[in-house]
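A look at the structure
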Amino acid sequence: MRHFLTLKDFTKNELLEMIDLAQKIKKQTKNRKFVPYMEHQTLGMIFEKSSTRTRVSFETGIYQLGGVGLFLSSNDIQLGRGEPMKDTARVISRMVDMVMIRTFEHSKLEEFAEYSNVPVINGLTDSYHPVQLMTDYLTMLECGVEEPVVAYVGDGNNVTHSWLILAAKLGFELRVATPKGYECDASIVAEALEIAKESGAEIIFTNDPAEAVEEANVVTTDTWVSMGQEDEKENRMNAFKGFIVDEELMELAQQDTLFLHCLPAYRGYEVSEFVFEKHADEIFLEAENRLHAQKGIMVWLDQHRDVN
Ligand code: CP
Ligand code: NVA
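As a starting point, this report considers the structure included with it. (Residues numbered from 1 in each chain as written. Chains lettered and ligands numbered in written order. Predicted model: local features only at pLDDT ≥ 70, side-chain atom pairs only at ≥ 80, totals over all residues. Heavy atoms only, no water.)

1. Re helix α7 (residues 186-199)
Two residues of an α-helix separated by three or four positions point the same way, owing to the 3.6 residues in each turn. The terminal C-alpha atoms of α7, which comprises 14 residues, lie 20 Å apart, in line with the 20 Å expected from a rise of 1.5 Å per residue. Those residues of α7 that fall on the buried side of the exposure criterion are Ile188, Val189, Ala192 and Ala196. Along the long axis of α7, the arc covered by the buried residues comes to 95°, so they all point the same way. Those residues of α7 that are exposed and aimed more than 90 degrees away from the buried face are Ala186, Lys197 and Glu198. Residues of α7 that are buried sit in contact with α6 (158-170) and β7 (203-206). (Helix = DSSP H or I, 4+ residues; strand = E, 2+ residues; numbered from the N terminus. Expected span 1.5 Å × (residues − 1). Buried < 20%, exposed > 50% of the residue type's maximum accessible area, 1.4 Å probe, protein only. Arc of directions from axis to C-beta. Contact = heavy atoms within 4.5 Å.)

2. Considering the sheet that holds strand β3 (residues 98-102)
Reading across the sheet, the four strands line up as β2-β1-β3-β4 and stay open at both edges, with parallel pairing between neighbours. Of all strands in the sheet, those bounded by a partner on one side alone are β2 (68-73) and β4 (120-122). Across this sheet, the average inter-strand angle for adjacent strands is 20°, counted without regard to direction. Across five bridges, strand β1 (residues 42-47) lies against β3 in parallel orientation. When the sheet's bridge partners are listed, Ile46 is paired in β3 with Ile101. (Pairing = 2+ DSSP bridges. Axes fitted to C-alpha atoms, helices over the stretch in contact; angles between N-to-C directions.)

3. Looking at the layout of surface pockets
Rolled over the atoms, a probe sized like a water molecule indicates the empty space that remains. Its boundaries defined by the atoms lining it, the largest pocket holds a volume of some 510 Å³. Lining the largest pocket are 28 residues, with Thr223, Val225, Met227, Pro264 and Tyr266 positioned closest to its centre. Within the residue set of the lining of the largest pocket, elements represented by two or more residues are α2 (53-64), α6 and α9 (233-239). When grouped by side-chain class, the residues that make up the lining of the largest pocket number 11 nonpolar, nine polar and eight charged. Put simply, the second largest pocket is a space of about 260 Å³. (1 Å grid on protein atoms, 1.4 Å probe; cavity = no way out; pocket = protein on both sides within 12 Å on 5 of 7 lines; lining within 4 Å. Points joined across faces, edges and corners; volume = space filled by probe spheres on them. Nonpolar A, V, L, I, M, F, W, Y, C, P; charged D, E, K, R; others polar.)

Keep in mind that these numbers describe shape and distance, not what the molecule does.
Here it is as structure tokens:
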């Protein structure tokens, strides 16, 4: 049985198989053909943090695959009152067929997976957001970006870490610009660079947004204040001055560059209103693709239940 905890857990080919499945199922869905790949299956969806896209896309996705989603907010289940993760895992995984979790420490997700009888999907932790990056890759393909040169400008956070692993696995160029003191986690960087040796991915780090964006064909960012960092807001607002993706910065990128944002977006902070609205079509295609990419992931995991 395979879990989807980080993109490190899969080979390049496996990730591309999931993307292929996503594309195939998306096409079927667009033709109003709902193939019951996961008929009668239940997806448990545990949320310890807020969500719009992750919740709606997983719940709708499993329903369109012939199953049903159970929204389990930690405010409502005993996990929120102190029932251990490992007990929650042993109970829930005896009743449902697959679990998606959004939580804080990545180790909590790993603990759940260790005790789970069914595949577990990472719906975001403090360290990674892998379903988002599968979505972003699907979106880049659909938008015709064949050889990505990606510039990430902003906080070295969970989304950035998954960008690192995606680029390293698939072998594309990634430039990461973060303010001093808000760089990516050093051990995740080391792992990504190790993986990149095999794929030939070129990954660079800078504190200068212009250096990252120059001639890039994909520019992306994320909030400066992730969930759980609300107390740091004031310090972060000061530290991130100069890191807004605005028209001036975008002019350094290739013409017709793609702009991606996992959302929610905070206009006037990590992205200007102008850049956001100019690229709204691709940003909301990216949001929609959460639904399709995650179907590919769920169906792939379902098809690999017996493979070690
Ligand atoms: N991008 C993303 O994961 O959005 P939500 O927090 O709304 O799920
Ligand atoms: N980095 C953000 C992503 C939200 C989808 C957070 O963790 O809040």
